[in-house]
Amino acid sequence: MSLCLPTYVVIDASSSMKKQEALLNATLSRLHYNLATNPRVSEFARVCVIAFSTDVHVVIPMSDMEQVPAMPEVICGGGTSYGKTFDRVRECIEQDVDNLRMQNFSVLRPTVFFLTDGGPTDANWQNPFRALVDRDWPRHPHVIAYGFGGARRDVLEQVATKALFIADGTDTESALSAAITGLLNTLIASSKTGQMQIATDVKGFEYVQVAQEYVD
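Okay, so let's go over this structure. (Residues numbered from 1 in each chain as written. Predicted model: local features only at pLDDT ≥ 70, side-chain atom pairs only at ≥ 80, totals over all residues. Heavy atoms only, no water.)

**Re the overall build of the chain**
Along the backbone of the chain there are six helices and eight strands. Each helix and strand of the chain, placed in order from N terminus to C terminus, yields the pattern β-α-α-β-β-α-β-β-α-β-α-β-α-β. For the chain, the C-alpha radius of gyration of 16 Å lies close to 17 Å, the compact-globule estimate for 216 residues. Across its three principal directions, the C-alpha atoms of the chain cover 45 × 35 × 30 Å. Counting over 216 residues, the chain shows a buried share of 54%. (Helix = DSSP H or I, 4+ residues; strand = E, 2+ residues; numbered from the N terminus. Rg over C-alpha atoms; globule rule 2.2 N^0.38 Å. Buried < 20%, exposed > 50% of the residue type's maximum accessible area, 1.4 Å probe, protein only.)

Set out below in structure tokens:
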């Protein structure tokens, strides 16, 4: 039985990212290319890409990236709804883990890579987040957060359960590219060992260890 890491790339596509829309799409295309052309990683990590703003859009449902011909375009605009996003991710995990098990995979703890350049615009996002990471839910994921631009460190310290990366400067362009590189390096390292291995050296980012009580 093959090991499988359900991986969720959850990326901010709110109005604050509008100036970076072309870069965001180019970066996501690079992510797709690197996963699709690395058979070991694409076999190990099944990937779902989710873009969030006022609403939440599943850009690519849980897939073997080798089977995905191209990354659909993401359009930026709207608010930054964390609550709806965490609700949707939980729904996806519930469905995806069942589907992967039906394909005879041995499914590892899901991992959410959360990339944002701003803070939440909804007031009550904590309850959906608690439901997502509730330890009483057997499928609760690891959350690895990357904050850049105007991201709020105090908020992301609440969101990250496994690792947090905060950009050293305000250059969103290079930070977004570096975050995707860090994400890729984590998936490559994890595919070699069959368990989560976080690439902590991400150019232009400070690596923040998460309080141990959140890590299991």
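**A look at the pairing of strand β6 (residues 142-147)**
Taken across its six residues, β6 has six buried, putting it largely inside the fold. On β6, burial covers both faces: His 142, Ile 144 and Tyr 146 on one face and Val 143, Ala 145 and Gly 147 on the other are all buried. For the segment spanning strand β5 (residues 111-116), helix α4 (residues 126-133) and β6, crossover handedness is right-handed. (Right-handed = clockwise from strand over helix to strand, strands pointing away.)

**Regarding helix α6 (residues 172-193)**
Relative to the 32 Å expected for 22 residues at 1.5 Å per residue, α6 spans 32 Å between its end C-alpha atoms, a close match to the ideal helical length. Among the residues of α6, the N-terminal cap falls to Asp 171, whose side-chain oxygen and the backbone nitrogen of Glu 173 are separated by 3.2 Å. (Expected span 1.5 Å × (residues − 1). Polar contact = N/O pair within 3.5 Å; in protein donor to acceptor, adjacent residues only side chain to side chain.)

**Remarks on the side chain of Asp 117**
Relative to the elements of secondary structure, Asp 117 occurs in the loop between β5 and α4. At a separation of 2.9 Å, a polar atom in the side chain of Asp 117 contacts the side chain of Ser 16. For Asp 117, the contacting residues outside a window of four places in its chain are Asp 12, Ser 14, Ser 16, Met 17, Phe 148, Gly 149, Gly 150 and Ala 151. (Contact = heavy atoms within 4.5 Å.)

**Some details on the pattern of salt bridges**
A full pass over the atoms with the stated rule returns seven salt bridges. Lys 18 is the partner of Glu 21 in a salt bridge, and the nearest nitrogen-oxygen pair spans 2.9 Å. A salt bridge links Arg 139 to Asp 98; its shortest N-O distance comes to 2.7 Å. With Arg 139 in the loop between α4 and β6 and Asp 98 in helix α3 (residues 82-102), this pair connects stretches of sequence that are 41 residues apart. Of the residues examined, Asp 98 reaches a relative accessible area of 36% and is grouped as partly exposed. (Salt bridge = Lys/Arg side-chain N within 4 Å of Asp/Glu carboxyl O.)

**Thoughts on the pairing of strand β2 (residues 45-52)**
Side chains on a regular strand alternate between the two faces of the sheet. Across the eight residues that make up β2, a large majority, eight, are buried. Side chains of β2 alternate between two faces, with Ala 45, Val 47, Val 49 and Ala 51 and Arg 46, Cys 48, Ile 50 and Phe 52 buried alike. Where strand β1 (residues 3-12) and β2 come together, eight bridges link them in parallel fashion. Bridged to Tyr 8 within β2 is Cys 48. Note that β2 and strand β3 (residues 56-63) share five bridges and pair antiparallel. Bridge assignment links Val 47 to a residue of β3, and that residue is Ser 63. (Pairing = 2+ DSSP bridges.)

These values are about where atoms sit, not about what they do.
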